[in-house]
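What the coordinates show
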Amino acid sequence: MLTLLKVGHCFHPEAMVMRGHSWKSMQFPAYVGLIKHPSLGYVLFDTGYAKRFIQATQPFPERLYRCLTPMHLCEKEQLITQLSLRGIAAEEINFIFISHFHADHIAGLMDFPQATFICSQAALNAINASSRFKGLLKGYLPKLLPNDFTHRCRFIEDSHTLALPHHYAPFQLGYDLFNDGSLLAISLPGHAAGHFGLLLEQCQQTAFLIGDACWTQEAYTQGARPNKFANIIMDNGQAYLNTLDKLSRLYSRNKEIVLIPSHCKKTIEALTP
C-alpha cells in the first residue's frame, strides 16, 4: 500500500524546469512515499523537507541554497507529525529508500533512529567525494546525514537483479530490494549521481516513484525539457535527457503504470480521491 505525503515545498522559476515557460516563481511540493510492506512494515521513499534544512543553510555559502529555492514547511506538514497522526511512531519506520541525496529528499533522515537506509553506493560516494563548495553546487548538504549513516545503510547495487517484463520497456533491469519482487529499484541517471526510482504494485496498479527524474508530468507527456541552466546542478545533463526519453516511451506504451515525480502537484492531485 502506498500513501503520498506532502512534506513542505519550495519555490523556483517555472522556466527552469519547462523551457520557454514563464520565469515567474512556481511552487514545487516535496512528496514522500509511505509504503506498508506486508511483512517488513513501513518503508519510506525519501523524507522531504525538515526544519533542520533551515539550520543547515544558515551559514554562507549554504545560505545560497535557501535563497535559490526558498523553502516552506508548516508544523502540520512535518513528516513525523503526519506519521504520528496516522498512529505511526518514528521508530516504526524500518526502511528509508533514498532516491538521491539532494536536501529536499533527505532532510528528515535524522528523525528516524531505527531505520535502515537503502541508497546507491555511487550516490553516497559522490557526496563523500565532493568538497563543500562543489557539493553545494550539486545540491548536497552533508550536515543532514545522521552521524551513523554508513553503519545503517545498505546499497541498492548489492541487491539481486531481475530482468523486467517487456511491458516496462525501455527499462530492462530492476534491483529486487527485499528478494520478493515487491519493491524494485530502477536506475534513472542524470539528475544526481546514483539516482534511482522505485517500482511497486498496489491495488492491481503499478506505481513508479521516479524522484527527480523529471519535475513535472509535462516532461513525459508533452516533451517539456528543462532550461539549460538546470544542467548546473545535474550530475549529467545528457543522461538526464536520455532518462526523460525513456520515461516518455514507457508512458506512451503503457499508461497503466502511474509515473509519480516527487515534485509534481498535478500528478498527486490526480491520484488523490
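Details of the structure are given in the entry above.
This report concerns the structure included in the present document. Only a predicted model underlies this, so the values are computations on that prediction, with no experimental measurement involved.

Below, the discussion takes up the overall build of the chain. Counting its secondary structure elements, the chain contains 11 helices and 13 strands. Over its C-alpha atoms the chain spans a radius of gyration of 17 Å, differing by no more than 12% from the 19 Å that the globule rule assigns to 273 residues. Taken along its principal axes, the extent of the C-alpha atoms in the chain is 50 × 45 × 40 Å. Across the 273 residues of the chain, 55% fall into the buried class. The long-range fraction of contacts in the chain, counting pairs at least 24 apart against all pairs at least 6 apart in sequence, stands at 63%. Here the chain has roughly 12400 Å² of accessible surface; of this, 53% comes from carbon and sulfur atoms. Here the chain contributes 24 positive and 21 negative side-chain charges, whose respective centroids are spaced 8 Å apart.

One open sheet holds the six strands; their spatial order is 8-9-10-11-12-13, and the pairing between them is mixed. Among the strands making up the open sheet, the edge pair consists of strand 8 (160–163) and strand 13 (257–261). This sheet shows a mean twist of 30 degrees between the axes of neighbouring strands, independent of strand direction. Packing of helix 10 (residues 237–253) onto the sheet brings it into contact with strand 12 (205–211) and strand 13, and relative to strand 13 it is tilted by some 145 degrees.

With that settled, consider the nonpolar core. One finds Ile 93, Ile 96, Ile 98, Phe 101, Phe 112, Phe 149 and Phe 208 to be the most contacted residues of the largest nonpolar core, which totals 70 residues. Excluding its chain neighbours within four sequence positions, the residues that come into contact with Phe 208 are Phe 171, Ile 186, Leu 188, Gly 197, Leu 198, Leu 199, Leu 247, Leu 250, Ile 257, Val 258, Leu 259 and Ile 260. Among the nonpolar cores identified, the runner-up in size contains 22 residues, and Tyr 175, Leu 177, Phe 196 and Leu 200 belong to it.

Moving on, we come to the packing of aromatic side chains. Counted under the stated rule, the structure contains 10 aromatic pairs. Seen from their ring centres, Trp 215 and Tyr 240 are 5.6 Å apart, and the 40 degrees between their planes marks the pair as tilted. In this pair, Trp 215 sits in the loop between strand 12 and helix 9 (218–221) while Tyr 240 sits in helix 10, placing the two residues 25 residues apart along the sequence. There is no split in this pair, since Trp 215 and Tyr 240 are both buried. By way of ring pairs, the aromatic residues Tyr 49, Phe 53 and Tyr 65 are connected into one cluster. Across from the ring centre of Tyr 251, 4.7 Å away, lies the NZ or CZ of Lys 255, which sits over that ring.

We now examine helix 10. Each α-helix turn comprises 3.6 residues. Residues three or four places apart therefore point the same way. The end-to-end C-alpha distance of helix 10, which contains 17 residues, comes to 25 Å, matching closely the 24 Å that a straight helix rising 1.5 Å per residue would cover. When helix 10 is considered as a whole, its buried residues turn out to be Gly 237, Ala 239, Tyr 240, Thr 243, Leu 244, Leu 247, Ser 248 and Leu 250. In this structure, the buried residues of helix 10 make contact with strand 12, helix 9 and strand 13. Between the side-chain oxygen of the N-cap and the backbone nitrogen of Gln 238 there are 3.1 Å, and the N-cap of helix 10 in question is Asn 236.

Pairing in this open sheet of seven strands is mixed, and the strands run 4-1-2-3-5-6-7 from one edge to the other. Either end of the sheet is taken by a strand with one partner, and the two such strands are strand 4 (71–72) and strand 7 (153–155). Bridge count between strand 6 (residues 116–119) and strand 7: three bridges; the pairing is parallel. Each residue of the ladder has a partner; that of Cys 119, found in strand 7, is Phe 155.

Let's shift gears to the pattern of salt bridges. Applying the stated criterion across every chain, the model contains seven salt bridges. Here Asp 245 ties to Arg 225 by a salt bridge, and the two come within 3.0 Å at their closest N and O atoms. In this pair, Asp 245 sits in helix 10 while Arg 225 sits in the loop between helix 9 and helix 10, placing the two residues 20 residues apart along the sequence.

This part covers the pairing of strand 11 (residues 196–202). In terms of burial, strand 11 is a largely internal element, six of the seven residues being buried. Across five bridges, the pairing between strand 10 (residues 183–187) and strand 11 is antiparallel. Residue pairing across strands places Leu 183 opposite Leu 200, the latter belonging to strand 11. As defined by bridge partners, strand 11 adjoins strand 12 across five bridges and the pair is classed as antiparallel. By the bridge assignment for strand 12, Gln 202 is matched with Gln 205.

Definitions and limits used
Residues numbered from 1 in each chain as written. Predicted model: local features only at pLDDT ≥ 70, side-chain atom pairs only at ≥ 80, totals over all residues. Heavy atoms only, no water. Helix = DSSP H or I, 4+ residues; strand = E, 2+ residues; numbered from the N terminus. Rg over C-alpha atoms; globule rule 2.2 N^0.38 Å. Buried < 20%, exposed > 50% of the residue type's maximum accessible area, 1.4 Å probe, protein only. Contact = heavy atoms within 4.5 Å. Areas by Shrake-Rupley, 256 points an atom, 1.4 Å probe, with all protein chains shown as cover. Lys, Arg positive; Asp, Glu negative; His and termini not counted. Charge placed at Lys NZ, Arg CZ, Asp CG, Glu CD. Pairing = 2+ DSSP bridges. Axes fitted to C-alpha atoms, helices over the stretch in contact; angles between N-to-C directions. Core = buried A, V, L, I, M, F, W, Y, C linked by side-chain atoms within 4.5 Å. Phe/Tyr/Trp six-rings, centres within 6.5 Å; stacked < 30°, edge-to-face > 60°. Lys NZ or Arg CZ within 6 Å of the ring centre and 35° of its normal. Expected span 1.5 Å × (residues − 1). Polar contact = N/O pair within 3.5 Å; in protein donor to acceptor, adjacent residues only side chain to side chain. Salt bridge = Lys/Arg side-chain N within 4 Å of Asp/Glu carboxyl O.

Remember that the coordinates give geometry; whether it matters functionally is a separate question.
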